[in-house]
Amino acid sequence: MNWGYITAFWTTVVMNCLQPVNWEACLPVQDWLFPAIGDYIRFKTEEPYASEKRSLQHFRLDGSQTKP
């Protein structure tokens, strides 16, 4: 794991969730933490923009499609 991710998580999530004004948004942890973990795992296992790259490889500049 990269220290940049840990530092960013600490400064944006942990420090902001310590403030009472943000508790209402931070308390339903299952709404934001679990999807974020899933996104992180998916992005770690796949090259960035890999699905977009695959989609673009199927289209040609003349508008026709290649076979998938």
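Look up a bit, the structure's there.
Residues numbered from 1 in each chain as written. Predicted model: local features only at pLDDT ≥ 70, side-chain atom pairs only at ≥ 80, totals over all residues. Heavy atoms only, no water.

**Digging into the overall build of the protein**
To keep things clear, this is the line we draw: Helix and strand labels come from DSSP, where a helix needs a run of H or I of at least four residues and a strand needs a run of E of at least two; each type is numbered from the N terminus. Relative accessibility under 20% of the residue-type maximum defines a buried residue, over 50% an exposed one, and the middle range a partly exposed one, all with a 1.4 Å probe and only protein chains included. In short, Shrake-Rupley with a 1.4 Å probe defines the accessible areas, and a residue's cover is counted only from the protein chains shown.
Counting secondary structure elements, the protein contains four helices and zero strands. What you see in the protein, going N to C, is helices and strands ordered as α-α-α-α. Taking all 68 residues of the protein together, 6% fall into the buried category. Within the structure as shown, the protein displays about 6200 Å² of accessible surface, and the carbon and sulfur contribution to it stands at 65%.

**Regarding the environment of Tyr 40**
If you trace the backbone, Tyr 40 turns up in helix H3 (residues 29–45). For Tyr 40, a relative accessible area of 26% gives the class partly exposed. Sequence separation of Tyr 40 and Tyr 5 is 35 residues, and the distance between their C-alpha atoms is 10.0 Å.

**Here we look at the environment of Cys 26**
The condition is simple: We call two residues contacting when some pair of their heavy atoms lies within 4.5 Å.
The topology assignment puts Cys 26 in helix H2 (residues 23–26). Remark: the alpha-carbon pair of Cys 26 and Val 13, spanning 13 residues in sequence, is separated by 8.4 Å. Those residues within four positions of Cys 26 in sequence are excluded, and the remaining contacts are Cys 17 and Trp 32.

**With respect to the state of the cysteines**
Applicable threshold: In this description, a disulfide is simply a cysteine sulfur pair whose atoms lie within 2.5 Å.
Scanning the entire structure with this criterion turns up one disulfide. With its sulfur 2.0 Å from that of its partner, Cys 17 forms a disulfide with Cys 26. Judged by the torsion about the S-S bond (-80 degrees), the Cys 17/Cys 26 disulfide is left-handed. The class of Cys 26 is buried, set by a relative accessible area of 15%.

The quantities given are spatial measurements derived from coordinates; they are silent on function.
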